[in-house]
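Summary of the model geometry
So you can see what is in the structure, the chains are spelled out below.
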Amino acid sequence: MKKLMIVATLAALASHVATVPTTAEETEKVFAFYCAQCHGLGGKGDGPNVTKDFPVSPRNFTNAEEMDKLSDADLKNVIMDGGPAVSKSPMMPPWGKTLTAEQVDGLIKHLRALCNCKGKEG
Ligand code: HEC
């Protein structure tokens, strides 16, 4: 009986975790782990992975003018499905199988904080 209780508690906890939006700290970790290698820790597009051989520069997320041209839906598409899905470079990998929808939503907020811009409507 006790064992059953533990299982039930764990299941309740797990479902709870899954629905809670990602916190800002978690988002920073996700960004540092998955994105900073190319986009840079500060989002300036100057990560350690980027060499002269890169055919395109990773987007500088602090460039409000450029980032304003993209809606949150555009950001979601490119993060989930990668560069080619939005006719951009395949150097930008798809993350839809790696990150959860909550993590991606957190990243979009993070990018909006970096550019200090709202982006296009829609
Ligand atoms: C292997 C290097 C690399 C990694 C890792 C990477 N990106 Fe990119 N990203 C790029 C490149 C290169 C571009 C520019 C593509 C272009 O302009 O054709 C880009 C572009 C983008 C854009 C802008 C697309 C646009 O329409 O202007 C967004 C948003 C973006 N990346 C988000 C992310 C996020 C969030 C992560 C982490 C989950 C990430 N990227 C990880 C290389 C990378």
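Here, every reference points to the structure presented above.
Residues numbered from 1 in each chain as written. Predicted model: local features only at pLDDT ≥ 70, side-chain atom pairs only at ≥ 80, totals over all residues.

**Notes on the nonpolar core**
Nonpolar side chains in soluble globular proteins tend to end up buried together. Threshold: Each nonpolar core comprises buried Ala, Val, Leu, Ile, Met, Phe, Trp, Tyr and Cys residues, the members being joined through C-beta atoms within 7 Å. Here a residue counts as buried when 20 or more other C-beta atoms fall within 10 Å of its C-beta, as exposed when 12 or fewer do, and as partly exposed in between; the C-beta atoms come from the backbone. Only runs of H or I of at least four residues qualify as helices and only runs of E of at least two qualify as strands under DSSP, and these elements are numbered from the N terminus. Working definition of a contact: two residues with C-beta atoms, positioned from the backbone, lying within 7 Å.
Counting 13 residues, the largest nonpolar core has M67, L75, L107 and L111 as its most contacted members. Contributions of two or more residues to this core are made by α2 (24-39), α4 (72-81) and α5 (101-115). Ignoring sequence-local partners within four residues, the contact set of L107 consists of T27, V30, F31 and I79.

**A short note on the site of the ligand**
The test is simple: Think of it this way: take the backbone, place a C-beta atom on it, and check whether that atom is within 6 Å of the molecule or strand, in which case the residue is near it. Side-chain classes follow a simple rule in which Ala, Val, Leu, Ile, Met, Phe, Trp, Tyr, Cys and Pro form the nonpolar group, Asp, Glu, Lys and Arg form the charged group, and the remainder, Gly included, forms the polar group.
Close contacts around the ligand come from 22 residues, with C35, C38, K88, S89 and M92 the closest. Every element with two or more residues in the shell around the ligand is listed here: α2 and α4. Residue contributions to the shell around the ligand peak at 5 residues, all from α2. Taken together, the residues that form the shell around the ligand break down as 15 nonpolar, 5 polar and 2 charged.

**Regarding the packing of α2 against α5**
Quick reminder of the rule: Only the stretch in contact is used when a helix axis is fitted, and all axes are lines through C-alpha atoms; the angle between N-to-C directions ranges over 0 to 180 degrees. Any angle that falls under 35 degrees is termed roughly parallel, while one over 145 is termed roughly antiparallel, one within 65 to 115 roughly perpendicular, and all others oblique.
Packing of α2 against α5 leaves a shortest axis separation of 9 Å and a crossing angle of 90°. Between α2 and α5, the angle is such that the two are roughly perpendicular. Only Q103, G106, L107, K109 and H110 of α5 make contact with α2, whose side of the interface consists of E26, T27, V30 and F31. For the contact of α2 with α5, a count of residues per class yields 3 nonpolar, 4 polar and 2 charged.

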